[in-house]
Amino acid sequence: MKHLTLIFLALLWTTLSMAQNKALLIGVGSYESSTGWKSIGSCNDVDILSKSLSSSFSITTLTNEKATYNNIITAINQLINNCKQGDTVLIHFSGHGQQMLTTDKNEPDGLDEALVPYDAPMLKSKTYNGERHLTDNQVCVFIEKLRKKVGENGLVVVTIDACFSDSMHRDGDDDSNNETIGYRGGADFFGSNTISEDSIKSIYSKRKIIDDFPMEKIEGCADVVLISACKSFQKSFDIKIDDVYYGPLSYAISQSFLRQNLGDFDAWINNIIDVMNQKAWNQNPQIRTTLNYSPSTKSQYVRAQTGQARSQESDNEGFPYFLIIIGIVTTALIIWKKSSKK
């Protein structure tokens, strides 16, 4: 019996030691001209992530014209097929993001979130109805397939550096017209050109409703981590580092991998959030995970939703200016009282 146990443990160790780290990095910086999308620094994201992951991951990349809708779907399916029990899988998307009109009753704002492949037009038309947008519902299906394939000893990590990128597992408002900044989205929601102005206003009034639906543990399936560059209604901005433009989340992930691997999950996440707070303080990166993670006290701009513990921090967007106003009013009252006594 003792020998059988030793043999079993040896086989188990051999199986686990054969587990691999696999990464699929997708970046669309220059879109097909007919789509209407502007160029951004997404290919730089793939470059910097490839360098920081090269020592620990087997990497597949899709960039620009190779990152069509069909090619992305094919690459993800191939990744699923090639994975085995115990693998750690990372899928990263850098590119434009866009919200889309939907009749799904589970979307309180009436909008789906979608990633924009190389060949997905910005506007709805007679010849295009959104078929090449990669929706949150599709992403959810891929995540669940991966979780099942790599099993409870595996890990699935999905990172999205795009506008409107939260809620991709199942909404910024910024009116700046600065053309020197690369917005990773920024267009009106897909289908807005087909409805009335009043309908658009009604949708925008509900746009900041937050989906609090957390990731859930599934028996026999891997834990999952989904990190998005911003909330589902926010824009994501390119940042400039040494004269090169990157997506802030992509840059932060690359820096975190240089400091820390996934073995210390909390430290890896906190490194990402720290860099995001320094380089993109006006965005609110979002974390959804089945792991028991809580943001560090320094990570004041992140909202974590987990299957085991959920942050109850306030959802303030940016600096609390109301505190300054209260301070000014209080100071003015004190000065007025002192002067009136004189």
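Residues numbered from 1 in each chain as written. Predicted model: local features only at pLDDT ≥ 70, side-chain atom pairs only at ≥ 80, totals over all residues. Heavy atoms only, no water.

## Quick look at the environment of Asn 44
Considering the arrangement of structural elements, one finds Asn 44 in helix H2 (residues 42-53). As for Asn 44 and Val 28, which are separated by 16 residues in sequence, their C-alpha atoms are 9.7 Å apart. Setting aside residues no more than four positions away along its own chain, Asn 44 makes contact with Val 244, Tyr 245 and Tyr 246. (Helix = DSSP H or I, 4+ residues; strand = E, 2+ residues; numbered from the N terminus. Contact = heavy atoms within 4.5 Å.)

## What about the packing of aromatic side chains?
Per the counting criterion, the structure on display carries 6 aromatic pairs. Measuring from ring centre to ring centre gives 5.6 Å for Tyr 128 and Phe 190, while their planes differ by 80°; the resulting arrangement is edge-to-face. Phe 190 carries the same exposure label as Tyr 128, and that label is buried. Judged by centre distance (5.8 Å) and plane angle (35°), the rings of Tyr 246 and Tyr 251 are tilted. Taken individually, Tyr 246 and Tyr 251 each receive the classification buried, so the pair is uniform in this respect. Taken together, Phe 57, Phe 257 and Trp 268 form an aromatic cluster joined through their ring pairs. (Phe/Tyr/Trp six-rings, centres within 6.5 Å; stacked < 30°, edge-to-face > 60°. Buried < 20%, exposed > 50% of the residue type's maximum accessible area, 1.4 Å probe, protein only.)

## Details of the confidence of the model for the protein
Summarising the model, the protein shows a mean pLDDT of 78, and 68% of its residues fall at 70 or more. For residues 1-17, every residue scores under 50 in pLDDT, and the model assigns this stretch 1 contact once sequence neighbours within four places are set aside. Every residue in residues 306-326 scores below 50 in pLDDT, and together they form 36 contacts with partners more than four places removed in sequence or on other chains. (pLDDT = per-residue confidence, 0-100.)

## What about the environment of Gly 29?
Looking at where Gly 29 falls in the secondary structure, it is placed in the loop between strand E1 (21-27) and H2. By relative accessible area, Gly 29 is classed as buried at 2%. With 17 residues separating them in the primary sequence, Gly 29 and Val 46 have C-alpha atoms 10.0 Å apart.

## Remarks on the pattern of salt bridges
Under the defined criterion, the tally for this structure stands at 6 salt bridges. The partner of Lys 22 in a salt bridge is Asp 87, and the shortest N-O contact between them spans 2.9 Å. Separated by 65 residues along the polypeptide, Lys 22 in strand E1 and Asp 87 in the loop between helix H3 (69-82) and strand E3 (88-94) bring together distant segments of the chain. Residue classification places Asp 87 among the buried residues on the basis of a relative accessible area of 0%. A salt bridge links Asp 119 to Arg 132, with the shortest nitrogen-to-oxygen separation between them at 3.7 Å. Note that Asp 119 is positioned in the loop between strand E5 (111-115) and strand E6 (134-135) and Arg 132 in the loop between E5 and E6, a separation of 13 residues in sequence. The class for Arg 132 is partly exposed, based on a relative accessible area of 29%. A network of salt bridges, in which partner residues are shared, links Lys 22, Lys 84 and Asp 87. (Salt bridge = Lys/Arg side-chain N within 4 Å of Asp/Glu carboxyl O.)

## Here we look at the packing of H3 against helix H4 (residues 136-150)
At a closest axis distance of 9 Å, the pairing of H3 and H4 adopts a crossing angle of 15°. The pairing of H3 with H4 is recorded here as roughly parallel in orientation. Crossing geometry of H3 relative to H4 is assigned as left-handed. Residues Tyr 69, Ile 73, Ile 76, Asn 77, Ile 80, Asn 81 and Asn 82 of H3 touch H4, and the partners they reach there are Gln 138, Phe 142, Lys 145, Leu 146 and Lys 149. (Axes fitted to C-alpha atoms, helices over the stretch in contact; angles between N-to-C directions. Parallel < 35°, antiparallel > 145°, perpendicular 65-115°, else oblique. Left-handed = near helix turned anticlockwise from the far one by under 90°.)

## Remarks on the sheet that holds strand E4 (residues 97-101)
Taken in spatial order, the 3 strands line up as E4-E5-E6 in an open sheet, and their pairing is antiparallel. Every interior strand has two partners, whereas the edge strands, E4 and E6, have only one. By the bridge criterion, 2 bridges tie E5 to E6 in an arrangement that is antiparallel. Directly across from Leu 115, in E6, lies its bridge partner Leu 134. (Pairing = 2+ DSSP bridges.)

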